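The lines below spell out each chain.
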Amino acid sequence: MKKEKYEIVAKYIECTATASASTANLGPGYDVFGLGLDVLQDTVSIKIERKTIANKNNVKIIMNGDLGKSIPNDLDSNSAGKVAKKIISDYNLYNYNCLIEIRKNIPPGYGMGSSAASAVATAVSLNALFGLNIDDTKLLDYSAEGELASAGVKHFDNVAGSLFGNFVIVKTHPKLEFIRIDSPNNLFMVICVPLIQVPKMKTEFSRKVIPQQVPLQKMVHNVANACSVVAGFYRKDVGMICNGINDCIIEPARQKLIPGYEKIKKRSLEEGAMAFTISGAGPSTVAFLDSSKKGLRISEVMEEEYDKINIKCKTFMSKSGNGSRIVSLK
Ligand code: HSE
């Protein structure tokens with residue numbers, strides 16, 4: 001983007017925004033489908049202060065809460081830092097000090113869109129503070145800058161779910177575009193987070209295990225299922241969505257990274273889950289249901305199975321979330 005020549009004067013001095021957890025891929029929609037969740041959110045508060053001499057060292061990040069402890073606060077290794085750096089550079093906002101405080105509620109590195117949520121809330125806050133009027137597609141693009149910190153590449157599916165909420169399809173070719181569809185009211189997810197050690201750049205690592213080339217037949221299989229997911233969201237038909245959550249490319253490659261995956265999937269489906277897959281890059285898994293009734297039993301079987309292999313886990317029942325929200329602006 002063309003750098004702003006003129007100084008932008010901030011409209012506000014403090015903004016707090018939340019952004020939701022998300023699950024990405026939903027089986028066949030690798031890097032394309034994102035779904036906002038309503039169960040956990042990160043909160044980002046940004047305070048800005050005018051300074052007399054503009055310089056590039058103007059952003060400080062503070063990670064709050066236990067879950068934030070493992071996340072580096074240097075700008076290039078932190079998803080919020082990456083976003084702030086890019087927006088500040090594009091709009092030439094070096095004449096403000098910027099203090100970013102992040103309260104992490106979404107476990108980082110487990111496939112629930114934790115890095116995406118902090119990135120989204122940062123982009124939304126800076127946009128509001130400086131009155132930048134960034135349009136939704138560009139806001140999506142800025143938010144995805146944050147994924148460079150954890151995935152090494154920009155992928156838009158988690159940030160789309162976290163920013164806009166509900167179900168979002170992201171197209172990147174020939175240009176970045178998104179299509180948001182409301183989720184059916186009776187769509188429920190049970191997300192299971194196994195508390196195993198994950199590699200530092202987990203998403204980057206788990207992207208490397210995916211085959212770079214796939215046979216045409218597998219492509220046909222996944223495209224057909226992805227279409228069923230999309231049609232299901234349009235028709236508000238959970239059965240049709242779940243029928244499409246069936247992926248023959250990514251899941252077989254990545255499930256090897258998740259201890260007990262096949263067993264947990266089998267038991268969840270036996271107990272009434274209508275579909276089951278890896279949440280984003282894992283190791284969390286997600287079961288889909290059309291009512292909350294069976295959710296508790298499914299959480300129990302997930303916990304039982306992990307317990308058998310001496311792994312602790314956390315389960316969350318979630319509906320679709322509404323995306324990012326500004327909580328206060330002054
Ligand atoms: N589409 C991304 C991946 C999501 O599967 O690597 C990461 O959460």
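Refer to the structure above for everything that follows.
Residues numbered from 1 in each chain as written. Predicted model: local features only at pLDDT ≥ 70, side-chain atom pairs only at ≥ 80, totals over all residues. Heavy atoms only, no water.

Colleague: I'd like a description of the side chain of Asn-78, backed by residues and values.
Modeller: In this fold, Asn-78 is placed in the loop between strand E3 (59–64) and helix H1 (79–90). A residue is classified by how much of its surface remains accessible, and Asn-78, at 1% relative accessible area, is buried. With sequence-adjacent residues up to four places away left out, Asn-78 is seen in contact with Ile-61, Met-63, Ile-71, Pro-72, Asn-73, Ile-102 and Ala-149. (Helix = DSSP H or I, 4+ residues; strand = E, 2+ residues; numbered from the N terminus. Buried < 20%, exposed > 50% of the residue type's maximum accessible area, 1.4 Å probe, protein only. Contact = heavy atoms within 4.5 Å.)

Colleague: Can you explain the layout of surface pockets? Please cite residues and give values.
Modeller: If you roll a probe as big as a water molecule over the atoms, it shows you where there is empty space left. Quantified by volume, the largest pocket comes out at close to 830 Å³. Lining the largest pocket are 43 residues, and of these Pro-108, Gly-109, Ser-150, Lys-200 and Lys-202 sit closest to its centre. Going through the elements one at a time, H1, helix H2 (114–129), helix H4 (147–151), helix H5 (157–164) and helix H6 (202–208) are the ones with two or more residues in the lining of the largest pocket. A class-by-class count of the residues in the lining of the largest pocket yields 17 nonpolar, 17 polar and nine charged. Among the domains, domain 1 (14–183) and domain 2 (188–318) are the pair contributing at least three residues each to the lining of the largest pocket. Computed from the structure, the second largest pocket encloses a volume of approximately 340 Å³. Taken together, 17 residues make up the lining of the second largest pocket; nearest its centre are Pro-28, Tyr-30, Val-32, Asn-222 and Val-223. In terms of residues, the lining of the second largest pocket owes the most to one element, helix H7 (residues 216–235), which gives five residues. Residues belonging to the lining of the second largest pocket are distributed by class as follows: 12 nonpolar, three polar and two charged. A domain split of the lining of the second largest pocket shows at least three residues from each of domain 1 (14–183) and domain 2 (188–318). (1 Å grid on protein atoms, 1.4 Å probe; cavity = no way out; pocket = protein on both sides within 12 Å on 5 of 7 lines; lining within 4 Å. Points joined across faces, edges and corners; volume = space filled by probe spheres on them. Nonpolar A, V, L, I, M, F, W, Y, C, P; charged D, E, K, R; others polar. Domains from an automatic or database assignment.)

Colleague: I'd love a proper account of the packing of aromatic side chains, names of residues and values included.
Modeller: Applying the stated rule across the entire model yields six aromatic pairs. Aromatic pair Tyr-91 and Tyr-142: ring centres 6.4 Å apart, planes at 50 degrees, arrangement tilted. Of the two residues, Tyr-91 is situated in the loop between H1 and strand E4 (96–103) and Tyr-142 in helix H3 (residues 136–145); the sequence distance between them amounts to 51 residues. A single burial state applies to Tyr-91 and to Tyr-142, both of which are buried. Cluster of aromatic residues (ring-pair linked, three or more members): Phe-33, Phe-167 and Phe-233. Across the ring face of Tyr-96, the terminal group of Arg-50 is positioned such that the distance to the ring centre comes to 5.7 Å. Over the ring of Tyr-142 we find Lys-138, and its NZ or CZ is 4.8 Å from the ring centre. (Phe/Tyr/Trp six-rings, centres within 6.5 Å; stacked < 30°, edge-to-face > 60°. Lys NZ or Arg CZ within 6 Å of the ring centre and 35° of its normal.)

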